[in-house]
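For reference, the chains in residue letters:
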Amino acid sequence: MRKPVTVRVPAKVNVQLAVGGVRPDGFHELVSVFLAVGLYDEVTATPADTLRITATGLDTDRVPLGRTNLAARAAQLLAARHGIAPDVHLHLAKGIPVAGGMAGGSADAAGALMACNGLWGTGASRDGLLSLAAELGSDVPFPLAGGAALGRGRGELLTPLEVSGTLCWVFALADGGLPTPAVYAEFDRLREGQAVPAPRASPLLLGALRTGDAAALAPALSNDLQAAALSLRPCLAATLAAGTAAGALAALVCGSGPTTAFLTRDAASATAVCAALLASGTCCTARAASGPVPGAHIVAHRPA
Ligand SMILES: C[C@@](CO)(OP(=O)(O)O)[C@H](O)COP(=O)(O)OP(=O)(O)OC[C@H]1O[C@@H](n2ccc(N)nc2=O)[C@H](O)[C@@H]1O
Ligand SMILES: Nc1ncnc2c1ncn2[C@@H]1O[C@H](COP(=O)(O)OP(=O)(O)O)[C@@H](O)[C@H]1O
């Protein structure tokens, strides 16, 4: 009997998300600067007679446990490519908010690819896993890669980016999620009739990441989906204001939201901003986390 394989996978924040026109396939052309941050899901693959998903941790009431689960889809895709049955028990220990704009489902898919590849001995290479990841979703390759990366196309074409040092963040978790397609649709509605420039990476932002200068990074952070997320969830404005008032260098919505991200000067400031957000009553909970952190990696061959 093969031993269970556990993979740890980080969440992401888009420190820049520039949204361009709608492509013929319906996806938006993006420039997305991803940063992997220290909120994690763990995916454990255990031998089983059939494909089965269980979940514990954050927001699990909103995690589908059938074959539509992104981790289940990842296992089925890897198995199909290798001509084997997708028989595995995948346990998801969730620390990334569900439908929060931090790519939790994508992280689970990335983790399931790596864990099943280890359990089944399918021997897919890193590039092989990255290409399967891109088939599963625009955001699935990044949690495999980790660190920081520039995403192009629909977000799946990655170029690694250098970041000096560690950036200290606070994430305010909201009550309930926001569906990504609804946020893109609201984005289209808000910009109807306007010219759509091609998305471009900000040289200021890339420079600030390279030097690890949080003060220089703060004014360069941007998210084109923020207005759409705020339009669908106006109360997020109060969360953003509470974090800024508490001393964050900058505040923005994470991807399609509704999680909000606060860049802070250092770890002590992150602790203070986190406490102030918790006390403000404008969010469900708040967590301090730093980045960049490594992408999906096997932490143990251990029981689920
Ligand atoms: C917005 C972002 C920012 O990183 O993530 P989240 O903040 O939701 O985590 C991503 O673009 C989400 O990526 P992901 O969640 O993988 O999206 P996919 O499964 O590929 O697509 C889900 C839906 O999002 C919309 N979509 C996604 C990517 C893209 N470039 N253009 C789009 O219009 C489409 O409506 C699509 O049907
Ligand atoms: N393993 C999974 N974990 C969380 N959500 C999942 C998973 N598989 C499928 N989903 C579905 O995907 C939706 C988006 O989840 P998630 O990836 O966490 O959010 P986001 O795209 O905002 O980062 C959820 O509402 C849920 O219905």
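For every chain, the first residue of the written sequence is number 1, and numbering continues from 1 along that sequence. Just so you know, chain letters begin at A and ligand numbers begin at 1, following the order they were written in. Residues qualify for local features only when their pLDDT is at least 70, as the model is predicted, and side-chain atom pairs are given and counted only at 80 or more; totals for whole chains, interfaces and linings, by contrast, use all residues.

Chemist: How do you make sense of the overall build of the protein when you look at a structure like this?
Modeler: Runs of E in the DSSP output that reach at least two residues are strands. Runs of H or I that reach at least four are helices, and both are numbered from the N terminus. Scanning the protein for helices and strands turns up 10 helices and 12 strands. The reference for a compact globule is 2.2 Å times residues^0.38; the radius of gyration itself is calculated from the C-alpha atoms. Here the C-alpha radius of gyration of the protein, 19 Å, is about what a compact globule of 304 residues would show, namely 19 Å. Taken along its principal axes, the extent of the C-alpha atoms in the protein is 55 × 45 × 35 Å. By the convention adopted here, residues are in contact when the distance between their C-beta atoms, placed from the backbone, does not exceed 7 Å. Restricting the contact set of the protein to residue pairs at least 6 apart, pairs at least 24 apart contribute 76%.

Chemist: Looking at this model, I keep getting lost on the UniProt feature "domain: GHMP kinase C-terminal" (unreviewed entry) in the protein. Mind explaining?
Modeler: As recorded in UniProt, the sites labelled "domain: GHMP kinase C-terminal" (unreviewed entry) are residues 206-278. Between the C-alpha atoms that bound residues 206-278 the distance is 31 Å, and the span itself is 53% helix and 15% strand. UniProt positions are given in the numbering used here, feature names are shortened, and annotations may be inferred rather than shown by experiment.

Chemist: Please explain the UniProt feature "binding site: ATP" (unreviewed entry) in the protein as it appears in this structure.
Modeler: Using the residue numbers shown here, the UniProt feature "binding site: ATP" (unreviewed entry) corresponds to Pro 97, Val 98, Ala 99, Gly 100, Gly 101, Met 102, Ala 103, Gly 104, Gly 105, Ser 106 and Ala 107. Position of Ala 99 among the secondary structure elements: in the loop between β4 (88-94) and α2 (104-120). The residues touching Ala 99, leaving out its near neighbours within four places in the chain, are Arg 62, Gly 177, Leu 178 and Pro 179. With respect to the helices and strands, Gly 101 occurs in the loop between β4 and α2. Residues with at least 20 other C-beta atoms within 10 Å of their own are called buried, those with 12 or fewer are called exposed, and the rest are partly exposed. The C-beta atoms themselves are positioned from the backbone. Looking at Gly 101, the number of C-beta atoms within 10 Å reads 30, which means it is buried. If we skip the residues at most four places from it in the chain, Gly 101 touches Leu 178, Val 253, Cys 254, Gly 255, Ser 256, Gly 257, Pro 258 and Thr 259.

Chemist: Even after reading the chapter, I still don't get the nonpolar core, so can you show me in this structure?
Modeler: For soluble globular proteins, the rule of thumb is that nonpolar side chains tend to be buried together. Any nonpolar core is a set of buried residues, restricted to Ala, Val, Leu, Ile, Met, Phe, Trp, Tyr and Cys, that join up through C-beta atoms within 7 Å. In terms of nonpolar packing, the biggest core is built from 104 residues, with Ala 71, Ala 112, Leu 113, Trp 169 and Val 170 touching the most fellow members. Here this core gets 11 residues from one element, more than from any other, and that element is strand β2 (residues 28-46). Residue ranges for the domains trace back to a domain assignment, done automatically or taken from a database. Residue contributions to this core reach at least three from each of two domains, namely domain 1 (5-161) and domain 2 (167-291). Not counting the four nearest positions on each side in its chain, Ala 71 is found in contact with Val 43, Ile 53, Leu 90, Leu 92, Asp 108, Ala 109, Gly 111 and Ala 112.

Chemist: How should I be thinking about the environment of Ala 174 in this particular structure?
Modeler: By the element assignment, Ala 174 lies in the loop between β7 (167-173) and α5 (180-190). C-alpha separation for the pair Ala 174 and Ala 251, spaced 77 residues apart in sequence, amounts to 15 Å.

Chemist: Just checking my understanding: could you explain the site of ligand 2 for this structure?
Modeler: As a rule, any residue with its backbone-derived C-beta atom within 6 Å of a molecule or strand is reported as near that molecule or strand. Around ligand 2 there are 20 residues in total, and Leu 70, Ala 99, Gly 104, Gly 105 and Asp 108 lie nearest to it. The greatest single-element share of the shell around ligand 2, amounting to four residues, is contributed by α2. Residues are grouped as follows: Ala, Val, Leu, Ile, Met, Phe, Trp, Tyr, Cys and Pro are nonpolar; Asp, Glu, Lys and Arg are charged; every other residue, Gly included, is polar. Class assignment for the residues of the shell around ligand 2 results in nine nonpolar, nine polar and two charged.

Chemist: Sorry if this is basic, but what is going on with the sheet that holds β7 here?
Modeler: Read from one edge to the other, the open sheet built from four strands follows the order β9-β10-β7-β11, with strand pairing classed as antiparallel. A single partner strand is all that each edge strand has here, and the edge strands are β9 (250-253) and β11 (285-291). The average angle at which neighbouring strand axes cross in this sheet is 25°, direction not considered. Where β9 and strand β10 (residues 260-264) come together, four bridges link them in antiparallel fashion. Note on β10: the bridge partner recorded for Leu 252 is Ala 261. Structural elements are reduced to axes, namely lines fitted to C-alpha atoms, with helices fitted over the stretch in contact, and the angle between N-to-C directions of any two is expressed from 0 to 180 degrees. Contacting β7, β9 and β10, helix α9 (residues 236-245) crosses the sheet at an angle of about 10° to β10. Set on the sheet, helix α10 (residues 267-280) makes contact with β7, β10 and β11; between it and β7 the angle comes to about 10°. In this description, strands pair whenever DSSP reports at least two bridges between them.

Chemist: Is there a simple way to explain the environment of Asn 14 in this structure?
Modeler: Here Asn 14 is to be found in strand β1 (residues 5-22). Residue classification places Asn 14 among the buried positions, given that 30 C-beta atoms sit within 10 Å. Between the C-alpha atoms of Asn 14 and Ala 182, which are 168 residues apart in sequence, the distance is 18 Å. If we ignore the near neighbours within four places in the chain, the residues touching Asn 14 are Ser 32, Val 33, Phe 34, Asn 223 and Gly 255.

Chemist: I tried to follow helix α1 (residues 70-81) on my own but got confused; where do I start?
Modeler: An α-helical segment advances 3.6 residues per turn. Residues three or four places apart therefore align on the same side. Taking 1.5 Å of rise per residue, 12 residues should cover 16 Å, and α1 covers 17 Å from first to last C-alpha, within 8% of that figure. Within α1 the residues assigned to the buried category are Leu 70, Ala 71, Ala 72, Arg 73, Ala 74, Ala 75 and Leu 78. If you follow the buried residues of α1, they end up packed against β2, β3 (51-57), β4, α2 and α3 (126-136). Immediately beyond the C-terminal end of α1, within one or two residues, lies Gly 83, with a positive phi of roughly 65°. Given the number of residues in a helix, its expected span is that number minus one, multiplied by 1.5 Å.

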